[in-house]
Each structure stands twice: as C-alpha cells, then as structure tokens.
Amino acid sequence: SKVKYKNKTFNFTCAIFRIHPKTREFELFCQGTSNPWGIAFNPDGEAFASACVIDHLWHLTESGYYIRQGGPYPPFTWPIGSIVDHKHQKAAYCGLHYFDSDAYPAQFRDRLYMGNIHGNCINVDTLDRQGSTYKGKAAPDFLTANDAWFMPVVQKTGPDGCLYILDWYDRYHCYQDAQRDPHGVDRLKGRLYRIRYKDTPRRVSFDLTKENDDQLIDRLANPNIYDRDIAQRLLVERNNAATRAKLETLVLDDARPRKARMHALWTLVSSAPLKPEFHAALLTHKDPVFRAWAVRASGNMEKVDPSIRKTITAMASSADYDRSPEVLIQLAVAARKVQGLDALGVLTDVLDRCGNDPLIPRVVWENLHPLLEDRGDLFVRRIAKINLKAAPNLAALMPRVVDRLLGRRKADPDPIVNLLAALASDRHAKTGIAEQAFEVLTTKVQSGELSGAKLDSLRDGLRPILKSIQISHPGTPLALDAALLAASWEDPAGTKVAHATLASSKSPEPKRLQALGALIAGDNDQVLDAAARVLADRSAGSADFRGRVLAALGRLEHPRVAEVVLAEYASLEPALKPRVIDLLTQRSAWSNALLDAIAAKDLPPEVLNLNQVRKLLQSKDAALVERVKETWGTVREGRNPAREKVVAEMRDYLRVTPGDPYAGQVVFQKLCGQCHKIYGEGQEVGPDLTGVGRSDFDQLVTNIFDPSQVIGSAYQATTVVTRDGRVLTGLLAEDNPKRVVLKVQGGKQEVVPRPDVEVLKTSELSLMPEDVETQLTRAEWADLFSFLELDKP
C-alpha cells in the first residue's frame, strides 16, 4: 500500500494502521506478520492479530516490526516473533475476536476466537501475561463443521451477546485455486451464523443513541462487550465536558468494576488531551495498566505539561519508581513522541531496567536506531561511561549499534572507533560483546559495503586498537576476530591467521567461514587452493559447511573457480550439487565452463533449470548469451500456459501411483530443501511447508508444476547484475539506498552494496523453476508426494 497524508508517503506491506476518527490523521501502528486477517483488543486494551501461513497469533505493540512471511525488511530491523509455539489444524486463519459476554458460561469467555478455513472450525487461544507481552495457549476448538466448505472469516459478539460467524462458504480456500478454476468459485452461498447458548434470551429492539450520557456511562460496566464498545464510541463522539469530569471520577474509583474504568479511560484518551491533574493521578495509579495507559496517552498527545514530562522521565530512570513491564514498554514507545523528552536517555534507562523481558529490547531498538543517525556520537559517549557487565541488555545491543553507526549517511569513523575501543578495553573484554561487534564490522568489509575512503579512514583508526588486542589478549577469541578483520584488508599477520583457521578442522565452522570471507575480501592469491582443499576433505566439516564454502566462492572473480568445483562435483552430496550449478551461473567465465561440461556430456543438460537459463541470458557477456540461445533457443519471459498440460499429466500419474515417504523425505532434502523447510529441516528461502500448501492435492500439484500461475510479490524472482559481471537471482530480503540483499538457493543471503548494482530486475515468475518435473524421475516424484501428503513428520 502507498498512503499519502500531510506531504508524507507511507509505503508498507503487512501492517496495522490507524486513522483518527476526528482529525483523520493516519499512522502506522506497527508492521509485519503475514496476511493479517483480524485484529482484537483484550480488556487491557492490548492489540492482537491473527495471520495466515506463518504463526497464527501476534501481540502487537506500537512501533514494533514483526516477522514477515516474505518480502524485504527495512534496514536495521530486529523482527519480533509471534506469541505461540503451538499450531492448530492448518495455518490459514481468518478473523480474530476477543469474546467477552455473559450470554455464554465462563469457560467460553475472555478468550480469542479465530476462524480456521482449512480446518473448517473455530480455534481458541487463551492469553497468559509474560512480562510486557503474552503467551498464547491452545484451548479446545469452539466449533467444528461437518461441511468442508465451511470457511469462517469473521467472528463478532452481537447485541444479544452471542457469537456471530461470517461463513465465506466455498470449495476453494485460496486465490491460487480460484484463478486456476474461476468457474468453480461459489458466489451464492455465503452464510451468517448466530451461536446461541441454550435458552439465552434474545434481544428485542433497542437504540443506545437515544440514551443520555449517564445511561451510557452505566453501560460501560455491562457484561456484554457489545454494549461497552458502543457506549464508549457514543461518549467519544459527544465529548461533553461535564461527562468527562464524571468519567475521570469513574476511572479513579477503585470500587467500580475494572472493565468499566478501562472503557472510561479509553473514552477520555480518545476524545481530547488529558487534564494535567487527572493525568498526574493516572501516572501514579497503583494499577500498572492504568499507569501504562497514562504514558501511552502522553505519546498520543505529544505535547504535555512540564510536570508530566518530568514524571515520565523519573518513571524511566528511577529503579524505585516503576518496575512494571507494562509501563516500561510504553515508555519506550513514548520516548520519541513526547516533545521535550530526552529520548536517548529514556530508551537507555528502559533497556537497562527491563531485565529478561522478551519484547522490550526489540521495541527499544526500533525506537533507538533512528536516533543514531544524527545522535550516534552522543550515544557512544554515554555508553563509554556505563559498565556493560552490569547492563546486559545494553551490552547485547552493541553489535546492532555498530551496524547502525556503519550505516549512517555521515562518513565519520570516530564513533565506531571509539565504541570498539571501549568494548575491547579490559573493562569489557570478557563480556564477549567486542567479538560480536568485530564480526559485524568484518562482515561489512567482506560484503563490500565498507569500501573506499570510508574504509580507509576506519582502518587507520582501528589499526592501533587491533594491534593492542593482539598484544594484550593473545590466543583469545577476541584476538582471532581482530586478526580476521585485519586479514579482510590484506594485513599479512592477519592473513596468516585466517589461512590457519580455515585449514583447521578443530576451528568452529562459523570461524572457518569468516576466515574464508576475510581471505576473499583481501584478494589473497592462495584462497582458491585453500578452499579446494576444504571441499575435498569430507572428514573436516559438515555438508552444510561445504555448501557455504561454495556460496562464498561467488565473491571471487578467479576463472579457476569453475575448474575447482567441477572437479569435486561428482563426489559431492546430492544436496550440494544444485549449489554448484547456481554458483557457476553467476559469472560468465564459470558459465562457459559449465556449458563446456554439458556439451562434453560430463553433465546432463537438466542440471540447469529454466530460471537458471534465464539468469544466464542476463549476462553482460554477449558471446555467452548467444551460446545459451543456440542451446536452449528463446526462453519465454512470462508464464508458459502449456504448464497446465504438465499439471494434468502429473496429477493423473500421482493420483494413482503410490510412493515411499521415507524415500520421499530424501528427495525433499535433495530438491525442495534448497529453498523450503518442512518439520524444521531445509533452508528458509521460500515458505515453510510444514503448515501450508499441502492440505489439498490439486493445489499441491498446481503449486509445484505451475508455480508462476499465481504468485505473491514476495516470491517473485529478483535478478541482480553487478558492475563486475556477477549475476544473482533470489528473493528480495532487503532493498534500500545502502544495499540489496537476496535470499538465494541454499539459504545464503547475498549482500550487494547499492553502488555495485548495475541492474535490478524483478521477474513475473516464481523463483521456483517451471521445468521442475525434469529434475526427478517419475518414481522419485511419487515418493516425494507420498511424503508431502502426510500431515505429520
């Protein structure tokens, strides 16, 4: 979506936004999740969303950025996860409703109801507080239909307190099926159900708009949330000054029902700025939820009385003032919104005091990192005065701070040098944070994001620090990280350490990969031979490690890369062979060697899929492009309608051909596992197939053999051609003025500095190739489907 409001443009995909009913002000409340199909509020006013495909339940906090199913994240994002570790029948949810009505017995109330369109039922989750957030727990399903067409998409409490359910009622759950068979869509039989408990009274005619304000205030205590919500809305719209005074009295009256007081508070917050006297009383309320709403109201108001601002600062900084996680998280959100607050100070204090809360550090980061663009120097000076051993949350954030400082528009190395010097000092050396910070910096150098004058000035500032580390901390992990960073810019001593680390099977595989990256970045003459020895030694590392070595070689421009990997191809594990082919399609010299091997019949033509052929056609090497055309002819750019015939043939074959699911699991690891996970195994490039895409045989066949028939934008293939002739194809994970990040086959993320991008092209086709049926024998396909059709491991 693209929304323009007051000369500001909001570009977003999955998000929760809000529009003020009076001012029409538009705000993004939070972003992320996947296909959010419902939003609900619990009695504390906390927001929750249900989502399709990925986890089904999310607790939403203002300014948070949540894990997405696909598509690029903004730079420096630290995504927040869901609040569930359980699943219901299938991961396709529609609607979410917090049910609170006395029309049902207690066991059905104060819980979240959500429609499961593949399970043909209404799932239920209950909520347990965990610090500033919640944990969702599964309860028994509320309703299960005896009809496979039942698709509950919205659930609401009605005027009589009963649960009402909107039933889409169709044979097809997803747009893929509807577009495959548009005439099969049912457009007549949508249904609306009321679920009535025994002889619960029906409600006859009523009109709350005719009630006076006092009667509506009484409604705020009604056990049916329908009445409470409607009464609150009407009071907000009327916004009577005398009524506001009565609502303030109600909020502060501990003898009145808590739910009535909360609705009274929301009425006040929604209709006008809070009076300073009432606001101050709310900030010192004994109930932390009321205090949290007082802070939240301050953020919404932006301009507050100086006395209120002083109290908010004290709430963040004084350990004796407020320890409640409900309050601390709202302080983090309000820090940048309330005018006149020391945002850096408030955020640092909140982070220091939040303990092991699972959510607050991520919300702090989302509000802190934009400030580092202009106030990074000030933040580093503050950090230098803090004992990070006594501030573990702040210490854990330091690698992200280094990343954010490196991404500033202002090319000033001093804050980064000063921060790394502080982290590497004896005061912090044993925390392990310095090693992580140096790894971030090393990764930036190895990816090419740090180069030119910016790298030169940073290197000059860091040289004495690295030398000091080698002298004062010899043989430590910190000394190794310092050496690998130095190797990345061709330091002789560091290069020697990097070679030894890469060659040693006793070194941790992540460090060996970091050493390889350092040697590649330093353009070391011997790195290819060292990598060849690693690939040839099956006993000196895991298959995943060798796969990542293959991926790292893509940054080399040496023509002998093709010779080295083709020599090892035959003896590599099946799961690694596709990674070799993907590597060889990245540079024209390697691609020519691959085509030579195919022409000599050392490799079958089927090792190249159609998407890889398309990638070769993007090369800047005209002779290579012509050679590809001579072998494969003209390759269609858009989807091939003839795929429908392949789908029909494979459907007929697979419907009647049994397979071996154990053999199918091996086939999955060889073919699908390069990009998909199932039951925790495989690579996370495309969707995780554990809970989606497998509930319907026809849909599964179509998705596999005609993957580009209907495709979400997050799964369209993106091709990047670099200025040095490298060609990469994958899914876009990040796209901003600093860099482009692609998730490529095998699970690796390829980072390309923006200045190195010559062409960036998004295809209308899926990253999954159309000719996938040529990659396996018919028997292997039968085995694979027998595995995929199981609903459990």
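What counts and what doesn't
Residues numbered from 1 in each chain as written. Predicted model: local features only at pLDDT ≥ 70, side-chain atom pairs only at ≥ 80, totals over all residues. Heavy atoms only, no water. Pairing = 2+ DSSP bridges. Helix = DSSP H or I, 4+ residues; strand = E, 2+ residues; numbered from the N terminus. Axes fitted to C-alpha atoms, helices over the stretch in contact; angles between N-to-C directions. Buried < 20%, exposed > 50% of the residue type's maximum accessible area, 1.4 Å probe, protein only. Contact = heavy atoms within 4.5 Å. pLDDT = per-residue confidence, 0-100. Parallel < 35°, antiparallel > 145°, perpendicular 65-115°, else oblique. Left-handed = near helix turned anticlockwise from the far one by under 90°. Nonpolar A, V, L, I, M, F, W, Y, C, P; charged D, E, K, R; others polar. Salt bridge = Lys/Arg side-chain N within 4 Å of Asp/Glu carboxyl O. Patch = residues over 30% accessible without salt bridge, like charges linked within 9 Å, V, L, I, M, F, W, Y side chains within 5 Å. Areas by Shrake-Rupley, 256 points an atom, 1.4 Å probe, with all protein chains shown as cover. Lys, Arg positive; Asp, Glu negative; His and termini not counted. Charge placed at Lys NZ, Arg CZ, Asp CG, Glu CD. Core = buried A, V, L, I, M, F, W, Y, C linked by side-chain atoms within 4.5 Å. Phe/Tyr/Trp six-rings, centres within 6.5 Å; stacked < 30°, edge-to-face > 60°. 1 Å grid on protein atoms, 1.4 Å probe; cavity = no way out; pocket = protein on both sides within 12 Å on 5 of 7 lines; lining within 4 Å. Points joined across faces, edges and corners; volume = space filled by probe spheres on them.

(A) Seen up close, the sheet that holds strand β5 (residues 36–41). Spatially, β5-β6-β7 is the arrangement adopted by the 3 strands of the open sheet, whose pairing is antiparallel. If you trace the sheet from one side to the other, it starts and ends with β5 and β7 (57–60), each paired once. Between one strand axis and the next, the sheet turns through 25° on average, direction left out of account. Both β5 and strand β6 (residues 47–51) contribute to a ladder of 5 bridges, which runs antiparallel. In the strand pairing of β6, Ile39 is matched with Ala49.

(B) Expanded view of helix α29 (residues 697–705). The buried fraction of α29 amounts to 7 of the 9 residues, a majority that puts the element mostly inside the structure. All buried positions along α29 are accounted for by Phe697, Gln699, Leu700, Val701, Thr702, Ile704 and Phe705. Summarising the contacts, the buried residues of α29 are in contact with α1 (175–180), α27 (643–656) and α30 (778–788).

(C) Representation of unusual backbone geometry in the model. Notably, Asn7 is not glycine yet its phi reads approximately 65°, a positive angle. Turning to its location among the elements, Asn7 is positioned in the loop between β1 (2–5) and β2 (8–11). Judged by relative accessible area, which is 87%, Asn7 ranks as exposed. Of note, the phi angle at Glu302 is positive, near 70°, even though the residue is not glycine. With respect to the helices and strands, Glu302 occurs in the loop between α7 (288–301) and α8 (306–317).

(D) Seen up close, helix α14 (residues 414–423). The element α14 is extensively covered by neighbouring structure, given that 7 of its 10 residues are classed as buried. All of the buried residues along α14 are Pro415, Ile416, Val417, Leu419, Leu420, Ala422 and Leu423. Against the buried residues of α14 lie α12 (372–383), α13 (392–406), α15 (433–447) and α16 (452–472).

(E) Main features of the confidence of the model for the protein. The predicted model of the protein averages 90 in pLDDT, with 98% of residues at 70 or higher. Here α1 stands out as the least confident element of the protein, with mean pLDDT 76; helix α2 (residues 213–219) is the most confident, with 98.

(F) Representation of the packing of helix α17 (residues 477–488) against helix α18 (residues 492–503) within the structure. Relative orientation of the contacting elements α17 and α18 amounts to 110°, with a least axis distance of 7 Å. When the interaxial angle is binned, α17 and α18 end up roughly perpendicular. Pair α17 / α18 crosses with left-handed handedness. Residues Leu480, Ala483, Leu484 and Ala487 of α17 lie in contact with α18, whose contacting residues are Gly494, Thr495, Val497, Ala498 and Thr501. Residue classes in the contact of α17 with α18 are distributed as 6 nonpolar, 3 polar and no charged.

(G) Quick look at the sheet that holds strand β3 (residues 15–19). The 3 strands are arranged β3-β4-β8 in an open sheet whose pairing can be described as mixed. Single-partner strands in this sheet number two, and they are β3 and β8 (65–68). Each strand of the sheet is rotated relative to its neighbour by a mean of 25°, with strand direction disregarded.

(H) Spatial organisation of the pattern of salt bridges. Applying the stated rule across the entire model yields 51 salt bridges. Where Asp186 meets Lys189, a salt bridge forms, and the shortest distance between an N and an O atom there is 2.8 Å. Measuring nitrogen to oxygen at the nearest pair gives 3.2 Å for the salt bridge that ties Glu449 to Arg739. Note that Glu449 is positioned in the loop between α15 and α16 and Arg739 in strand β20 (residues 739–743), a separation of 290 residues in sequence.

(I) Representation of a negative patch on the surface in the model. On the surface, Glu490, Asp523, Asp525 and Glu557 cluster together into a negatively charged patch. Here Glu490 is to be found in the loop between α17 and α18.

(J) Up close: the nonpolar core. Formed by 110 residues in total, the largest nonpolar core has its most connected members in Leu60, Leu331, Val350, Phe379, Met398, Leu419 and Leu462. The leading source of residues in this core is α13, at 8 residues. In this view, Leu462 contacts Val417, Leu420, Leu441, Leu485 and Trp489; residues no more than four positions away in its chain are not counted. Counting residues in hydrophobic clusters, the runner-up holds 45 residues, among them Leu553, Tyr569, Leu572 and Trp590.

(K) Quick peek at the packing of aromatic side chains. In total, this model carries 23 aromatic pairs according to the counting rule given. Centroid distance Tyr113 to Phe142: 5.0 Å. Interplanar angle 85°. Geometry classified as edge-to-face. You can see Tyr113 sitting in strand β10 (residues 111–116) and its partner Phe142 sitting in strand β12 (residues 133–144), a full 29 residues away along the chain. Judged on exposure class, the residue Tyr113 and its partner Phe142 are both buried. Relative to Phe785, the ring of Phe705 lies with its centre 6.2 Å away and its plane at 5°, an arrangement referred to as stacked. Of the two residues, Phe705 is situated in helix α29 and Phe785 in helix α30; the sequence distance between them amounts to 80 residues.

(L) Structural detail: empty space enclosed by the protein. Inspection of the entire model under this criterion finds 6 cavities of 30 Å³ or more. Considered as a void within the structure, the largest cavity measures approximately 160 Å³ in volume. In terms of lining residues, the largest cavity is bounded by 13 residues, among which Arg614, Gln618, Ala717, Thr719 and Ser763 are the most central. Counting residues per element, the ones that place at least two in the lining of the largest cavity are α25 (610–616), β18 (716–722) and β22 (757–766). Among the elements that take part in the lining of the largest cavity, β22 stands out by supplying 5 residues, more than any other. Forming the walls of the second largest cavity are 13 residues, and the residues nearest its centre are Gly547, Ala551, Arg579, Asp582 and Gln745. Looking at the lining of the second largest cavity, the elements that each hand over two or more residues are α21 (543–552) and α23 (577–584). Residue composition of the lining of the second largest cavity, by class: 4 nonpolar, 4 polar and 5 charged.

(M) Spotlight on the packing of α12 against α14. Here α12 crosses α14 at 15°, and the two axes come no closer than 9 Å. Looking at the two axes, α12 sits roughly parallel to α14. The handedness of the crossing between α12 and α14 comes out as left-handed. Across from Asp377, Val380 and Ile383 in α12, the residues of α14 making contact are Pro415, Asn418 and Leu419. Looking at the contact of α12 with α14 residue by residue, the class counts come to 4 nonpolar, 1 polar and 1 charged.

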